[in-house]
Each structure stands twice: as C-alpha cells, then as structure tokens.
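# Topology and contacts: notes
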Amino acid sequence: MPRFRAILDTMPPYKAGKAVVSADGRSFKLSSNESPYDPLPSVVEAIAEGARQINRYPDPAATRLTETIAARYGVPPEHVALGAGSVTVAQQLFETFGEPGVEVIYAWRSFEAYPLLADLAGVTSVRVPLDGEDHDLDAMAAAVTDRTRMIFVCNPNNPTGTSIRRAELEAFLDKVPSDVLVVLDEAYREYVRDADVPDGLTLYRDRPNVCVLRTFSKAYGLAGLRVGYLVAHEPVAAAVRKTIVPFAVNHLAQLAAVASLADPAEKELLERVDSVVKERTRVREALIAQGWTVPPSEANFVWLRVGERTLDFAAACAVEGVAVRPFPGEGARVSIGTPEANDAFLQAAAAFLKS
C-alpha cells in the first residue's frame with residue numbers, strides 16, 4: 001500500500017452545496033451562492049466561438065484577460081495574477097507563503113476552504129473566533145507573531161455575510177507588520193451596497209502588503225468555468241504567478257471572462273446583481289418579520305444562527321425542495337435565488353419556526 005501524507009487522515013473533504021428535490025418535484029438550490037441567472041447571450045456566443053479552438057492549449061499567461069482586468073480597475077497588468085477560481089488563487093497564496101513553522105491567521109467561522117488549504121500547505125492555522133457574526137480585528141491583530149506570514153480577511157464574510165467598514169479595516173491594516181501579507185478576500189464585492197465598506201482595490205494601492213482576491217463565479221455567473229484573480233503589488237503578484245499550474249485557466253474561461261467585462265455585458269450583469277440585492281433585502285425583512293435574527297448581509301446570501309437545530313432546519317427545507325448550506329451546531333447559509341426559490345425558502349423557514 002502506498003504511504004500517504006499523514007495530514008490526509010485528519011482532513012475532511014470539501015463539501016459542495018447539493019441540490020434536493022421535494023416529493024412534488026420542486027428543486028431550488030440555495031446552497032452554493034451561485035447566480036440564479038443564465039449566461040448572457042454575448043458570453044455564450046464568445047464561448048461557442050471559442051470552442052472552435054479547444055484543440056489548442058490556452059494562453060498560459062491569459063494575456064488578454066489580464067490586460068482587460070487591469071484596464072477595468074486601473075491597475076498595472078503586472079499587478080494581476082489569475083487562477084481557476086479565487087479559491088485556487090488562495091491555494092497559490094498558501095503555496096507562495098506557506099511552509100512548516102509558518103502561521104496563517106483567519107477569522108472563524110469564515111470561508112471553509114481556509115483550513116483545508118492551510119493543512120495541505122503544512123502551515124499552522126490560527127483561527128480567531130468571530131465577535132458574534134463579525135471579524136474581531138483587534139483579536140486578529142493581537143494574534144500576530146513573528147511566525148505569522150499571512151492573514152485572510154473575508155469581506156463580506158462567508159458564511160455570515162457581515163462586512164468590515166473602512167475605519168476599522170484601515171486601523172487593522174495599520175497594526176499589521178509590513179512583512180505580513182493581508183489578503184482581502186472579496187468574492188462578493190459586487191453585492192456590497194454599504195458605502196462605508198471599502199473597496200479593497202482602493203486600499204492596496206499604497207500598501208505593498210495588501211492584496212485583493214476577486215472571482216467571476218458569483219456576480220458574473222461563471223461558476224462553472226472557474227476564473228479568479230488577485231490584484232497585488234508586483235512582487236506579490238509575480239510570486240503567485242510562479243505557483244499556477246500551467247494552463248490552469250482554460251481557453252473558454254478566459255474568453256467568457258473577457259466578454260463579461262465588455263460593454264454592454266457588464267452593465268447588464270451588474271443590473272442582475274441589483275435584482276439579487278433587492279431580493280436579499282426582501283428575504284431578510286421577511287425572515288425578521290417571521291421572528292428570525294438575521295444579520296445584515298452585503299453578499300448574495302443570508303445567515304441564520306440556528307445552533308443545535310441546524311441540521312433539522314436543513315432537513316425541513318429539503319422536504320420543501322430547498323437546498324441550504326448547513327454548518328452543524330452553528331447555522332445555515334442561504335443563497336438568494338429567483339423570487340420563486342426565495343418564496344419557497346421563506347415558506348419553509350416559517351413552517352420550521354412554527355414546528
């Protein structure tokens with residue numbers, strides 16, 4: 001029998017959101033924070049045209065996409081690094097900065113991939129408990145040691161949806177030593193409507209130890225193609241590019257992402273985001289009216305602190321054909337979907353409270 005790495009014996013596999021079907025055939029997947037909309041025709045057209053070249057390897061540097069992202073945000077192309085989804089770029093960061101003896105700090109609970117990536121990289125996770133549903137930035141700053149190499153700040157936070165405001169985040173960044181990289185994980189940035197929640201791209205520019213993670217999976221609706229990127233000062237971005245698996249961002253993904261940033265496609269995509277935000281407000285207000293405590297969300301999901309009944313809640317939703325994402329003993333994250341899907345979820349949530 002081959003000898004595997006010992007860490008694999010203690011690592012749970014990543015659990016993706018699953019679809020469920022009710023007895024009457026209804027199925028609403030609200031467990032993966034996906035866009036509820038079909039791809040735009042212009043994006044589908046770019047993919048269809050690009051399919052004629054899939055016998056060739058993609059551009060390993062993704063030059064056109066890199067330049068398009070750089071132009072979109074007014075940053076140098078040398079500051080952009082790509083990967084197969086932002087989680088893969090996060091893995092590249094762990095490979096870039098991680099080695100035995102290194103510590104990486106992140107809030108907990110936060111994005112569930114962080115501990116898995118840390119374990120695989122052989123680094124020590126320093127999990128700082130949330131303050132209620134929010135990052136405890138004072139405690140995170142206090143957790144920094146001479147072994148700390150990287151800090152992840154998920155803003156808005158997944159799965160609670162809560163966000164850190166400018167003054168608090170800037171004060172935290174001022175406390176972090178210049179040789180510790182702060183990763184602002186902004187997978188849900190396009191859904192933010194609180195003007196006091198800063199855009200990480202405005203913070204990184206004069207802070208060489210700050211970088212920003214973004215994705216095309218959520219607001220841009222390309223979850224099935226896997227495109228993510230990092231914006232950082234050139235030394236960081238160049239180092240991260242060294243860790244990418246060759247040809248990781250495939251040809252069709254590159255074309256679809258470029259098409260998504262073109263006019264008028266991006267305008268239409270962001271109009272769809274506005275619709276999701278309106279539904280987010282409606283769903284949260286309805287849940288509060290039912291009697292739930294729901295923290296304000298700046299993402300495309302809401303969080304319900306259900307505690308020990310979390311798995312029962314998820315099971316009750318599944319009976320109604322609604323898949324939610326349970327975190328046993330803590331709570332459930334529920335994506336914002338179509339109005340029909342959201343109504344089905346609200347009906348299930350109300351019935352659960354009555355039970």
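What you see is a predicted model, and the numbers here were worked out from it, not measured in a lab. (Residues numbered from 1 in each chain as written. Predicted model: local features only at pLDDT ≥ 70, side-chain atom pairs only at ≥ 80, totals over all residues. Heavy atoms only, no water.)

### With respect to the UniProt feature "modified residue: N6-(pyridoxal phosphate)lysine" (unreviewed entry) in the protein
UniProt records the feature "modified residue: N6-(pyridoxal phosphate)lysine" (unreviewed entry) at K218, using the numbering of this structure. Assignment of secondary structure puts K218 in the loop between β7 (210-215) and β8 (228-231). (UniProt positions renumbered as here; feature names shortened; annotations may be inferred. Helix = DSSP H or I, 4+ residues; strand = E, 2+ residues; numbered from the N terminus.)

### Some remarks on the sheet that holds strand β11 (residues 325-327)
In space, the 3 strands of this open sheet follow the order β9-β12-β11, with antiparallel pairing throughout. Edge positions in the sheet fall to β9 (301-304) and β11, since each of these pairs with one other strand and no more. The sheet shows a mean angle of 20° between the axes of neighbouring strands, taken without regard to direction. Both β11 and strand β12 (residues 331-335) contribute to a ladder of 3 bridges, which runs antiparallel. Bridge pairing in β12 links P326 to A332. (Pairing = 2+ DSSP bridges. Axes fitted to C-alpha atoms, helices over the stretch in contact; angles between N-to-C directions.)

### Re the sheet that holds strand β6 (residues 181-185)
The strand order across the open sheet formed by 7 strands is β2-β8-β7-β6-β5-β3-β4, and the pairing between neighbours is mixed. Both edges of this open sheet fall to β2 (80-83) and β4 (124-129), since each of them pairs with a single strand only. Each strand of the sheet is rotated relative to its neighbour by a mean of 25°, with strand direction disregarded.

### Structural notes on the pairing of β9
The alternating pattern of β9 places F301 and W303 and V302 and L304 on opposite faces, both of which are buried. Summarising the sheet, β9 and β12 pair through 4 bridges and their orientation is antiparallel. Paired with W303 across the bridge in β12 is R333. (Buried < 20%, exposed > 50% of the residue type's maximum accessible area, 1.4 Å probe, protein only.)

### Topic: the environment of L203
When you line up the elements, L203 lands in helix α7 (residues 200-204). Spatially, the C-alpha atoms of L203 and Y229 are 17 Å apart, while their sequence positions differ by 26 residues. Filtering out sequence-adjacent residues up to four positions away, L203 remains in contact with R166, L169, E170, L173, L184 and P198. (Contact = heavy atoms within 4.5 Å.)

### Topic: the environment of H233
By the secondary structure assignment, H233 is in the loop between β8 and α8 (234-241). For the pair H233 and C211, spaced 22 residues apart in sequence, the C-alpha separation works out to 7.4 Å. Look past the residues within four positions of H233 in its chain and what remains in contact with it is H79, Y204, R205, D206, R207 and P208. Within the structure, the side chain of H233 is placed 2.7 Å from the backbone oxygen of Y204, a separation counted as a polar contact. (Polar contact = N/O pair within 3.5 Å; in protein donor to acceptor, adjacent residues only side chain to side chain.)

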